[in-house]
Amino acid sequence: MNALDAVDPLARYRDLFIQAPDVAAYLDGNSLGRPLAVTPGRVAEFVTEQWGYTLIQGWDNGWMSLAQSIGDDLGRVALGAAPGQTTIGDSTTVLLYKLVRAAADLRPGRTELVIDRDNFPTDRYVLEGIAAERGLTIRWIEASDVTIDRLPLSEQTAVVVLSHVAYRSGFLADVPALTAAIHDHGALVVWDLCHSAGVVPTRLDDWGVDLAVGCTYKYLNGGPGSPAFAYVRSDLLGEIRQPIQGWLGSARPFEMGQGYEPAEGITRMLSGTPPVIGMLAMRDMIALIDEAGIDAIRAKSVALTEYAIALADELLPAVTLSTPRAADNRGGHITLDHPSFEAMMPKLWQRGVIPDFRRPTGIRLGLSPLSTSFAEVELGVRTIAELLAVE
Ligand SMILES: *Cc1c(COP(=O)(O)O)cnc(C)c1O
């Protein structure tokens, strides 16, 4: 047994996840979190007893408010958001579109959107679409490590979109400082929390964040394609209008009346019927994060990435670490670069070691604290070293 696992206060949580028979080291929890062992039963029970037995009455027995209640739990447990500001629904891509469009409409007359060139493709594509639709210009930040001096802000800036943790390098942005700088120019910010929700705590309310979005199938273990979450700061909820005006974001959906009028509060960010089955798995993970504590999870995350970096320094001298060394500047994953990594991926899979590959040369180790052991990290790095040695 790895000595670090022996003293890890969160070690026991790993047994609560389904272990794949042929996987020796799962190092891709930042791309798709493992399912909890309770998830199959939860889904089966829902299908039989709720969908099967209560049928259409289920909508009156809680399904309709699930998006908001899970949103509130997530806000409390992991985001630092008071109730009434977080909801679940749509994919990250669609929610991002809704939030950025809504934010741009809150800054009429301003002509620029800002995003970094190395942000996740969907974030860039959504912004390009909105810019074309609204006649706005994108100001690109060329660096992937976004700091205040790199923000091209002016009195023309309407909305800035940034990732809390950069999906490639793992760089951890200073949310409160960047948010304050953006506000100094009268602009709004949408934070993408895809790679931080559930692993790096945020204090969205305290930090004055305007809007945030994130996905739930990474560190929140909601399962493939589970719906995303959106946060809207309470004092914006009165005026914000989002572009996909559907009946379930309207004020009185069951009156089936003429003319759209937005619902009060965070419900106005919704559009259509809530994805009820897709929200089942994340609930148990959010409860587990609550039990373990997001600060303890962050502490283990830092220890896991610290360990991975130390092992890489020792065993992989020819490999480049593309992630910040300072824990305060690093999220829950690390990226190592080497020209032969692409060819190595199938060999790693064969040996039951599953990291992530990001073109052109990056192996990403995504270390999900509740489901990843230090022994898995060690096995992963040692296997990479062995394969590099026999090249
Ligand atoms: C994972 C991820 C997404 C995914 O968007 P989907 O609509 O869920 O496919 C978007 N943005 C970032 C930064 C991500 O890390």
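Asker: So, the site of the ligand: which residues are in play, and what are the values?
Answerer: Looking at the ligand, there are 13 residues lining it, with T93, D123, H195, Y217 and K218 nearest. Within the side chain of T93, one N or O atom sits 2.5 Å away from an oxygen atom of the ligand. Within the side chain of D192, one N or O atom sits 3.2 Å away from a nitrogen atom of the ligand. Protein coverage of the free-state accessible area of the ligand, which is 390 Å², stands at 86%. Among the secondary structure elements, those contributing two or more residues to the shell around the ligand are α4 (92-105) and α5 (121-134). Along the lines of polarity and charge, the residues of the shell around the ligand split into four nonpolar, six polar and three charged.

Asker: I'd love a proper account of the sheet that holds strand β10 (residues 333-337), names of residues and values included.
Answerer: Strands sit in the order β9-β10-β13-β12 across an open sheet of four strands; the sheet is antiparallel. The open sheet has two edge strands with one neighbour each: β9 (320-321) and β12 (356-358). Bridge count for β10 against strand β13 (residues 362-366) is five bridges, and the pairing is antiparallel. Bridge pairing links L336 to I363 in β13. Across the face of the sheet, helix α8 (residues 294-315) comes into contact with β9, β10 and β13 while running at roughly 20 degrees to β10.

Asker: So what about the packing of aromatic side chains? Which residues, and what values?
Answerer: In total, this model carries five aromatic pairs according to the counting rule given. Relative to W63, the ring of W59 lies with its centre 5.3 Å away and its plane at 80 degrees, an arrangement referred to as edge-to-face. Considering the side-chain rings of W247 and F254, the 5.5 Å spacing of their centres and the 75 degrees angle between planes classify their relative orientation as edge-to-face. For W247, a relative accessible area of 38% corresponds to the partly exposed category. Of the aromatic side chains, those joined through ring pairs into one cluster are F46, W59 and W63. Note that R12 overlies the ring of Y13, its terminal NZ or CZ placed 4.3 Å from the centroid. Its end group placed over the ring of F120, K218 keeps NZ or CZ at 5.3 Å from the ring centre.

The rules behind the values
- Residues numbered from 1 in each chain as written.
- Predicted model: local features only at pLDDT ≥ 70, side-chain atom pairs only at ≥ 80, totals over all residues.
- Heavy atoms only, no water.
- Near = heavy atom within 4 Å.
- Polar contact = N/O pair within 3.5 Å; in protein donor to acceptor, adjacent residues only side chain to side chain.
- Areas by Shrake-Rupley, 256 points an atom, 1.4 Å probe, with all protein chains shown as cover.
- Helix = DSSP H or I, 4+ residues; strand = E, 2+ residues; numbered from the N terminus.
- Nonpolar A, V, L, I, M, F, W, Y, C, P; charged D, E, K, R; others polar.
- Pairing = 2+ DSSP bridges.
- Contact = heavy atoms within 4.5 Å.
- Axes fitted to C-alpha atoms, helices over the stretch in contact; angles between N-to-C directions.
- Phe/Tyr/Trp six-rings, centres within 6.5 Å; stacked < 30°, edge-to-face > 60°.
- Buried < 20%, exposed > 50% of the residue type's maximum accessible area, 1.4 Å probe, protein only.
- Lys NZ or Arg CZ within 6 Å of the ring centre and 35° of its normal.

Everything listed here is a matter of geometry and, on its own, says nothing about what the molecule does.
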